[in-house]
Amino acid sequence: MERISWHQYFMAQSHLLALRSTCQRLMVGATIVRDKRIIAGGYNGSVSGSVHCIDEGCYVIDGHCVRTIHAEMNAILQCAKFGASTEGAEIYVTHFPCLNCCKAIIQSGIKTVYYAEDYKNHPYALELFEEAGLHVEKVALDQSYISLKPKDA
Ligand SMILES: [Zn+2]
Ligand SMILES: [Zn+2]
């Protein structure tokens, strides 16, 4: 039997987390990894304890849902909350991160970004990643490992 690769294992975890998203404009999941261990995870959702977009609808200003904390931010903030260092860590995300998340990823000391799907890959984000010396690589999810469809989809 062939074991699941680390790439596929962590990428599958991010896709599983994405199913917990409470903002359905884009269901995103992120997993932060250090030394092949998962140290944090996040998905697109509201501030803890606040209303969810899936119940109340999105709060849209200038084309963006302002209620949602992005998956990558939630994962990084989980590290801040529980005191886990992100220096030199890797992040596995279901989609190429938005510009703000890219900046937060760089600033948190994460050195490697694996993403499964291209999503408006911002040229300035790519420029910043290169400038900061991050390794950015597309790792598509191998669907044969796990079927990740929301139940009523
Ligand atoms: Zn929303
Ligand atoms: Zn983002």
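Preceding this section is the structure that the text describes.
Everything quoted here is computed from the prediction, not taken from an experiment.

A. Local environment of the coordination of the zinc ion (ligand 1). Surrounding the zinc ion (ligand 1) are the protein donor atoms C23 (SG), C53 (SG), C58 (SG) and C65 (SG), at 2.3 Å. If you look at the zinc ion (ligand 1), its four donor atoms make angles of 98 to 120° with each other, and the shape they trace is tetrahedral. In the primary structure, the donors to the zinc ion (ligand 1) are separated according to the pattern C-x29-C-x4-C-x6-C. Of the two residues, C53 is situated in helix 2 (residues 53-56) and C65 in strand 4 (residues 64-65); the sequence distance between them amounts to twelve residues. Since its relative accessible area comes to 12%, C65 is described here as buried.

B. Up close: the coordination of the zinc ion (ligand 2). Within the protein, H70 (ND1), C98 (SG) and C101 (SG) serve as the donor atoms for the zinc ion (ligand 2), at 2.0 to 2.3 Å. Here the donor residues for the zinc ion (ligand 2) map to a single chain with the spacing H-x27-C-x2-C. On the criterion of sequence distance, the pair formed by H70 in the loop between strand 4 and helix 3 (71-82) and C101 in helix 4 (residues 99-107) is long-range, its members being 31 residues apart. We classify C101 as buried; its relative accessible area is 1%.

C. Highlighting the nonpolar core. I32, I91, I105, I110, V113 and F129 are the most contacted members of the largest nonpolar core, which has 23 residues in total. Elements supplying a minimum of two residues to this core: strand 1 (29-34), helix 3, strand 5 (90-95), helix 4, strand 6 (112-117) and helix 5 (123-132). In this view, F129 contacts F96, C102, I105, I106, V113, L134 and V136; residues no more than four positions away in its chain are not counted. Listed in part, the nine residues of the second largest apolar core include F10, Y92, A116 and V139.

D. How the structure looks around the packing of helix 4 against helix 5. Contact pair helix 4 / helix 5: the axes reach a minimum separation of 9 Å and the direction vectors enclose 10°. For the element pair helix 4 / helix 5, the angle class is roughly parallel. Facing L99, C102, K103, I105 and I106 of helix 4, the residues of helix 5 in contact are Y124, A125, L128, F129 and A132. When grouped by side-chain class, the residues that make up the contact of helix 4 with helix 5 number nine nonpolar, no polar and one charged.

Reading guide: rules and limits
Residues numbered from 1 in each chain as written. Chains lettered and ligands numbered in written order. Predicted model: local features only at pLDDT ≥ 70, side-chain atom pairs only at ≥ 80, totals over all residues. Heavy atoms only, no water. Donors = N, O, S within 2.8 Å, 3.2 Å for Na, K, Ca; no water. Tetrahedral: all angles 85-135°; square planar, octahedral: opposite > 155°, others 65-115°. Helix = DSSP H or I, 4+ residues; strand = E, 2+ residues; numbered from the N terminus. Buried < 20%, exposed > 50% of the residue type's maximum accessible area, 1.4 Å probe, protein only. Core = buried A, V, L, I, M, F, W, Y, C linked by side-chain atoms within 4.5 Å. Contact = heavy atoms within 4.5 Å. Axes fitted to C-alpha atoms, helices over the stretch in contact; angles between N-to-C directions. Parallel < 35°, antiparallel > 145°, perpendicular 65-115°, else oblique. Nonpolar A, V, L, I, M, F, W, Y, C, P; charged D, E, K, R; others polar.

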